[in-house]
Amino acid sequence: MSQENVEIVKANYEAFASRGLDGWMEHFADDVEYRAPEGSLDDVGPIHGKTALRAWLQQWMDTFEGFWFEAVEFIDAGEDQVVVVERFGGRARISGIETEQTEALFSTIRDGKIARCREFMTRDEAIDAAGLSD
């Protein structure tokens with residue numbers, strides 16, 4: 001089942017690349033729990049539900065021109081969990097500065113959808129959260 005969960009998360013990134021935010025949202029459970037990295041600029045605390053998640057990401061995307069993100073690495077974290085290392089970026093609307101950042105996400109899959117997702121500033125933090133560190 002765990003490789004199947006990796007494929008679900010891969011499809012989430014492919015959907016964003018081909019269909020944008022609408023495609024991305026199709027891969028989340030209605031009652032999704034999501035959290036940006038604690039203390040980051042986009043940390044608003046726990047985000048509950050697809051409507052709130054969509055609004056949060058749209059607001060974040062709107063701070064950039066040409067916002068993009070892509071997966072760099074998928075890690076099968078066992079059972080129903082997947083770790084993803086991703087890159088994102090764009091040109092900040094206020095400053096005009098082109099930016100790019102790497103972060104990692106730890107997701108839990110339920111019934112073929114992403115039910116819980118937590119962002120971390122580093123791959124190591126996500127690996128630790130998944131219980132995969134040495």
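Look up a bit, the structure's there.
Reading guide: rules and limits
Residues numbered from 1 in each chain as written. Predicted model: local features only at pLDDT ≥ 70, side-chain atom pairs only at ≥ 80, totals over all residues. Heavy atoms only, no water. Axes fitted to C-alpha atoms, helices over the stretch in contact; angles between N-to-C directions. Helix = DSSP H or I, 4+ residues; strand = E, 2+ residues; numbered from the N terminus. Parallel < 35°, antiparallel > 145°, perpendicular 65-115°, else oblique. Contact = heavy atoms within 4.5 Å. Nonpolar A, V, L, I, M, F, W, Y, C, P; charged D, E, K, R; others polar. Salt bridge = Lys/Arg side-chain N within 4 Å of Asp/Glu carboxyl O. Buried < 20%, exposed > 50% of the residue type's maximum accessible area, 1.4 Å probe, protein only. Core = buried A, V, L, I, M, F, W, Y, C linked by side-chain atoms within 4.5 Å. Pairing = 2+ DSSP bridges.

### Observations regarding the packing of helix 1 (residues 2–25) against helix 2 (residues 50–61)
- At a closest axis distance of 9 Å, the pairing of helix 1 and helix 2 adopts a crossing angle of 135 degrees. Judged on the interaxial angle alone, helix 2 and helix 1 are oblique. For the pair helix 1 and helix 2, the contacting residues are Phe16, Leu21, Asp22, Trp24 and Met25 in the first and Lys50, Leu53, Arg54, Leu57, Gln58 and Met61 in the second.
- Here the residues of the contact of helix 1 with helix 2 are counted per class, giving seven nonpolar, one polar and three charged.

### Comments concerning the pattern of salt bridges
- Scanning all chains against the criterion turns up eleven salt bridges.
- For Asp43, the salt bridge goes to Arg35, with nearest N and O atoms at 3.0 Å.
- Under the relative-accessibility criterion, Asp43 is labelled partly exposed at 22%.
- Using a relative accessible area of 18% as the deciding quantity, one classes Arg35 as buried.
- Taken together, the salt bridges that share partners define one network made up of Glu70, Arg87 and Glu100.

### Quick word on the nonpolar core
- Counting 28 residues, the largest nonpolar core has Trp24, Tyr34, Leu53 and Phe67 as its most contacted members.
- Among the elements of the structure, helix 1, strand 1 (28–35), helix 2, strand 3 (64–76), strand 4 (81–92), strand 5 (98–110) and strand 6 (113–120) are those that each provide at least two residues to this core.
- Dropping the residues within four chain positions of it, Phe67 is found in contact with Phe16, Trp60, Met61, Phe88, Gly89 and Gly90.
- Listed in part, the ten residues of the second largest apolar core include Ala77, Ala104, Phe106 and Phe120.

### Some details on the environment of Ile114
- Residue position: Ile114 is located in strand 6.
- When the C-alpha atoms of Ile114 and Ala129 are compared, they prove to be 16 Å apart, with 15 residues separating the residues in sequence.
- Each residue touching Ile114, except ones within four places of it in the same chain, is listed here: Val9, Asn12, His27, Phe28, Ala29, Val32, Ser107, Thr108 and Ile109.

### A few points about the sheet that holds strand 6
- Taken together, six strands build an open sheet; the order of strands is 2-1-6-5-4-3 and the sheet is mixed. Edge positions in the open sheet fall to strand 2 (47–48) and strand 3, since each of these has one partner strand only.
- In the sheet, strand 4 pairs with strand 5 via eleven bridges, with the strands oriented antiparallel. Bridge pairing in strand 5 links Glu86 to Glu103.
- Contacting strand 1, strand 3, strand 4, strand 5 and strand 6, helix 1 crosses the sheet at an angle of about 175 degrees to strand 3.
- The strands touched by helix 2 within the sheet are strand 1, strand 2, strand 3, strand 4 and strand 6, with strand 1 carrying the most contacts at an inclination of about 55 degrees.

Read these as geometric descriptors, not functional statements.
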